[in-house]
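Take a look at the letters that make up each chain.
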Amino acid sequence: DKKINKVNNVKKEKQFDAIQDLQYLSKDANGNTYLVKAKNGIVNKENSDLIQLFNVNAKITFDKNKIVTITANKANYNNNNYDTEFSENVHLIYDSHHLKSKNLIIKFSENYAKIYNDVIYTDFFTKLFADKIEVDLINRTSKISMFEEKQKVKVTHNNNGFN
């Protein structure tokens, strides 16, 4: 009986700390927006700027009408600088470009993004397998690589987009 009571008390404390249906919106001087939504989240007790989010959907709108959508099971969001570390079942979609991975870090504070761990990129004509893709958010350039130099990025190309 004592063990059951302790477990019930822990569950109640965790529920008390959890915040339901979170939404954060930021906008820069150029009109670009970053919207993060989560089913629930927990504020970090050591640093109140850090929030652990669950069942996350994010949308980055830039150049007035271009949209990047991101979904993940979890994310760590910094309420101060908007840096976000997505993890578990990460999906990123931009136009016809689809990326899947285990992790994605967006560092607005340093103007870069890195998607890594089992990266799969697909579009109408290409399927690519890599360990990481790094993106310069200002220049919009990317670098695709493997963790080990001896390994190679694998790319398959469909001639007509359907085979």
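Quick note: structure is the one above.
To start, this report covers the structure provided alongside it. (Residues numbered from 1 in each chain as written. Predicted model: local features only at pLDDT ≥ 70, side-chain atom pairs only at ≥ 80, totals over all residues. Heavy atoms only, no water.)

1. Here's the deal with unusual backbone geometry
Next, step 1: Of note, the phi angle at Asp21 is positive, near 50°, even though the residue is not glycine.
Next, step 2: In this structure, Asp21 sits in strand S1 (residues 18-27).
Next, step 3: Given the relative accessible area of 59%, Asp21 is considered exposed.
Next, step 4: Despite not being glycine, Asp95 shows a phi value in the positive range, around 55°.
Next, step 5: Its location among the elements puts Asp95 in the loop between strand S5 (84-94) and strand S6 (97-107).
Next, step 6: Judged by its relative accessible area of 64%, Asp95 falls in the exposed class. (Helix = DSSP H or I, 4+ residues; strand = E, 2+ residues; numbered from the N terminus. Buried < 20%, exposed > 50% of the residue type's maximum accessible area, 1.4 Å probe, protein only.)

2. With respect to the environment of Asn65
Next, step 1: Mapped onto the elements of the fold, Asn65 is located in the loop between strand S3 (50-62) and strand S4 (66-78).
Next, step 2: Spatially, the C-alpha atoms of Asn65 and Asn32 are 9.2 Å apart, while their sequence positions differ by 33 residues.

3. So, the nonpolar core
Next, step 1: Core analysis: the largest hydrophobic core is formed by 30 residues, its most contacted members being Leu53, Ile70, Phe86 and Leu104.
Next, step 2: Those elements giving two or more residues to this core turn out to be S1, strand S2 (33-43), S3, S4, S5, S6, strand S7 (112-122) and strand S8 (126-136).
Next, step 3: Among residues more than four places away in sequence, those in contact with Ile70 are Val56, Asn57, Ala58, Ile60, Phe86, Val90, His91, Leu92, Leu104 and Ile106. (Core = buried A, V, L, I, M, F, W, Y, C linked by side-chain atoms within 4.5 Å. Contact = heavy atoms within 4.5 Å.)

Note that every value here comes from positions in space, so none of it alone points to a role or purpose.
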